[in-house]
Amino acid sequence: MLEGTGHDASMRIAEFELERYFARWEFAVRHLLCASDVEGWAMGELLDHADDEAAALWHDLRLGYTETPGHPLLRREIASLYATATPDDVQVLSGAEEGILALVNVLVGPGDHVIVTWPGYQSLYEVARACGAEVTLHELREAAAWAIDIDVLRAQITPRTRLIVINAPHNPTGMLPDRPAFDAVVAIAAEAGAYLLVDEVYRYLEFDAADRLPAGVDSGSHVISLGVMSKSFAMAGLRIGWLASRDRALLARVSAFRDYTTICASAPSEILALIALRARDIVLGRSQALVARNVATLDALFERWPGALSWVRPRGGSIGFPRLRADLDIDAFAADLVEAEGVLLLPGTRFGHPGNHFRIGFGRTDLDEAVAGLERQLVRAER
Ligand SMILES: Cc1ncc(COP(=O)(O)O)c(C=O)c1O
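Residues numbered from 1 in each chain as written. Predicted model: local features only at pLDDT ≥ 70, side-chain atom pairs only at ≥ 80, totals over all residues. Heavy atoms only, no water.

**Student:** Can you tell me about the site of the ligand, naming the residues and giving the values?
**Tutor:** Near the ligand lie 15 residues; those nearest to it are Asn171, Asp199, Tyr202, Ser230 and Lys231. Within the backbone of Ala96, an N or O atom sits 2.9 Å from an oxygen atom of the ligand. Asp199 is positioned with one of its side-chain polar atoms (N or O) 2.6 Å from a nitrogen atom of the ligand. Relative to its free-state accessible area of 390 Å², the ligand is covered by the protein chains to the extent of 93%. Per element, the largest residue contribution to the shell around the ligand is four residues, and it comes from helix H5 (residues 95–107). Looking at side-chain class alone, the shell around the ligand contains six nonpolar, five polar and four charged residues. (Near = heavy atom within 4 Å. Polar contact = N/O pair within 3.5 Å; in protein donor to acceptor, adjacent residues only side chain to side chain. Areas by Shrake-Rupley, 256 points an atom, 1.4 Å probe, with all protein chains shown as cover. Helix = DSSP H or I, 4+ residues; strand = E, 2+ residues; numbered from the N terminus. Nonpolar A, V, L, I, M, F, W, Y, C, P; charged D, E, K, R; others polar.)

**Student:** Outline the nonpolar core, supporting the account with residue identities and numerical values.
**Tutor:** For soluble globular proteins, the rule of thumb is that nonpolar side chains tend to be buried together. Val108, Val114, Leu163, Leu196, Leu197 and Leu243 are the most contacted members of the largest nonpolar core, which totals 69 residues. A domain-level breakdown of this core finds at least three residues from each of domain 1 (17–40 + 282–382) and domain 2 (43–278). Excluding residues that lie within four positions of it along the chain, Leu163 makes contacts with Val104, Leu107, Val108, His113, Val114, Ile115, Ala194, Tyr195, Leu196 and Leu197. Formed by 64 residues, the second largest nonpolar core is a distinct cluster that contains Trp242, Leu290, Ala370 and Leu374. (Core = buried A, V, L, I, M, F, W, Y, C linked by side-chain atoms within 4.5 Å. Buried < 20%, exposed > 50% of the residue type's maximum accessible area, 1.4 Å probe, protein only. Domains from an automatic or database assignment. Contact = heavy atoms within 4.5 Å.)

**Student:** Break down the pattern of salt bridges for me, with residues and values.
**Tutor:** The tally for this structure, following the rule as stated, stands at 24 salt bridges. In this structure, Arg293 and Asp368 form a salt bridge, with 2.8 Å as the shortest nitrogen-oxygen distance. Of the two residues, Arg293 sits in helix H11 (residues 280–304) while Asp368 sits in helix H13 (residues 367–382), which places them 75 residues apart along the sequence. Three or more residues are tied together by salt bridges with common partners; here these are Asp51, Glu53, Glu77, Arg278 and Arg280. (Salt bridge = Lys/Arg side-chain N within 4 Å of Asp/Glu carboxyl O.)

**Student:** Requested: an account of the sheet that holds strand E7 (residues 223–228), with residues and values cited.
**Tutor:** Two pairing modes exist for strands in a sheet, parallel and antiparallel, and in both the strands are linked by backbone hydrogen bonds. Spatially, E2-E8-E7-E6-E5-E3-E4 is the arrangement adopted by the seven strands of the open sheet, whose pairing is mixed. Only two strands of the sheet have a single neighbouring strand rather than two, namely strand E2 (90–93) and strand E4 (134–139). Between one strand and the next, the sheet's axes are offset by a mean angle of 20°, whatever the strand orientation. Where H5 meets the sheet, its contacts fall on E2, strand E5 (161–167), strand E6 (195–199), E7 and strand E8 (241–244), and the angle it forms with E7 comes to roughly 155°. Strands E5, E6 and E7 of the sheet are contacted by helix H8 (residues 179–192), whose axis makes an angle of about 165° with E5. (Pairing = 2+ DSSP bridges. Axes fitted to C-alpha atoms, helices over the stretch in contact; angles between N-to-C directions.)

**Student:** Any details on the domain arrangement of the chain? Residues and values, ideally.
**Tutor:** We note that the domain assignment places domain 1 (17–40 + 282–382) and domain 2 (43–278) within the chain. Between the C-alpha centres of domain 1 and domain 2 the distance comes to 25 Å. Listed as interface residues are 34 residues of domain 1 and, on the opposing side, 34 residues of domain 2. Overall, the association of domain 1 and domain 2 removes approximately 2800 Å² of surface from exposure, summing both partners, and the carbon and sulfur fraction of that is 59%. Broken down residue by residue, the surface that domain 1 buries against domain 2 is led by Val312, Arg315 and Phe351, which jointly contribute 25%. Linking domain 1 with domain 2 are two salt bridges, by the criterion used here. When the shortest N-O distance is used, the salt bridge between Arg323 and Glu142 registers 2.9 Å. Our enumeration of links across domain 1 and domain 2 arrives at 17 residue pairs in polar contact (both at pLDDT 80 or more). Contributions of two or more residues to the side of domain 1 that touches domain 2 are made by helix H1 (17–25), H11 and strand E10 (319–320). Top contributing element to the side of domain 1 that touches domain 2 by residue count: H11, with eight residues. (Buried area = accessible area lost by both parts, 1.4 Å probe.)

**Student:** Let's hear about the packing of helix H12 (residues 330–341) against H13: which residues, and what values?
**Tutor:** A pair of packed helices is captured by two measures, namely the crossing angle of their axes and the spacing between those axes. Viewed as axis vectors pointing N to C, H12 and H13 meet at an angle of 120°, and their least axial separation amounts to 10 Å. On the basis of the axis angle, H12 is oblique to H13. Here the hand of the crossing between H12 and H13 comes out right-handed. The residues of H13 that touch H12, namely those facing Phe333, Asp336, Leu337, Ala340 and Glu341, are Gly373, Leu374, Arg376, Gln377, Leu378, Arg380 and Ala381. Its residues assigned to classes, the contact of H12 with H13 comprises six nonpolar, two polar and four charged. (Parallel < 35°, antiparallel > 145°, perpendicular 65-115°, else oblique. Left-handed = near helix turned anticlockwise from the far one by under 90°.)

**Student:** So what about unusual backbone geometry? Which residues, and what values?
**Tutor:** Look at the link from Trp118 to Pro119: it is a cis peptide, with omega at 5°. Considering the arrangement of structural elements, one finds Pro119 in the loop between strand E3 (113–118) and helix H6 (123–130). Along the chain, Asn171 connects to Pro172 via a cis peptide bond; the corresponding omega equals 15°. Mapped onto the secondary structure, Pro172 falls in the loop between E5 and H8. A positive phi angle, near 65°, is found at Trp146, a position not held by glycine. The topology assignment puts Trp146 in the loop between E4 and helix H7 (150–156). The backbone phi angle of Tyr204 is positive, close to 85°, even though this residue is not glycine. Tracing the backbone shows Tyr204 in the loop between E6 and E7.

Okay, structure coming up:
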């Protein structure tokens, strides 16, 4: 490590601040009040939902390598999530993270320009930087309810813009563009001759289903959807994600890139993902109910602490980005909270965000206990 720089000269990419933070704390605390995933399913409960075909696939599964594009039945199930995609438009990957790594590597390099919303999930812009592309961060501002600024986005386009990346519902703010804004982003990318990657890992967690946007893959051959089992489907441990795109040549290049990462997905995980997607009404219903219940709990929390906490209420997803009272330092507050109560928040500084914000997660079943600990800490901080 180069002292004081946070930069390890042996790495070709900057450290992933958020993941390093989770590596330190995730399994050391009692309550993760900043997790972005929904409480994971128990294996036995999931298997209870297998239909006869999937149950047989599970029982007879051979633990060899799997097909690099993904199990054909799984690709078919993923394609059925979309209005226009076919199984050939789907590349299964090991988590959304591998999708970001592979797609950005095959799409951009030195001389290319990439625009990414920020604050955001670091790999969405860091991988492009590591590939040698010039990255422009499109800043989302609290005063604008974290919305994408269409005029600013248009002005950020250059003749070299190769890729635009958005994430909706958004990590960490819970922002969800309205339909006109989404359509405008799709059109701006088309006019620029750029690809648009839509990170849809929180799709299906819109608080009002009427706000669900069309999927990226259904919005044009230049638009790519990124999906995963980790968030709305509540199965992060499967490490199954996917890219969906009507640009088959692009997907073929992603597949070839994968020869250098994971080669193929985990065989058991593919079958478990197939079972979950076939039972998606039940799987998503559980997540949506948990999120709705927890958001009501947080609404009450914000009402009880109007001077200390405020937020732009998310419109979807399982996370939000509230702000702590200005005279309390968020890093010190989070450190005291984890020490006293074993409750983990994620300070906005981990996103490189200068405000006094923190990420709060509302997809877990222990939210009530975690919120009680947070409130005890607020009382102590007021003294
Ligand atoms: C916006 C976003 N994209 C991608 C990912 C990566 O998902 P996974 O860990 O399932 O690969 C995450 C995880 O937090 C995320 O929040």
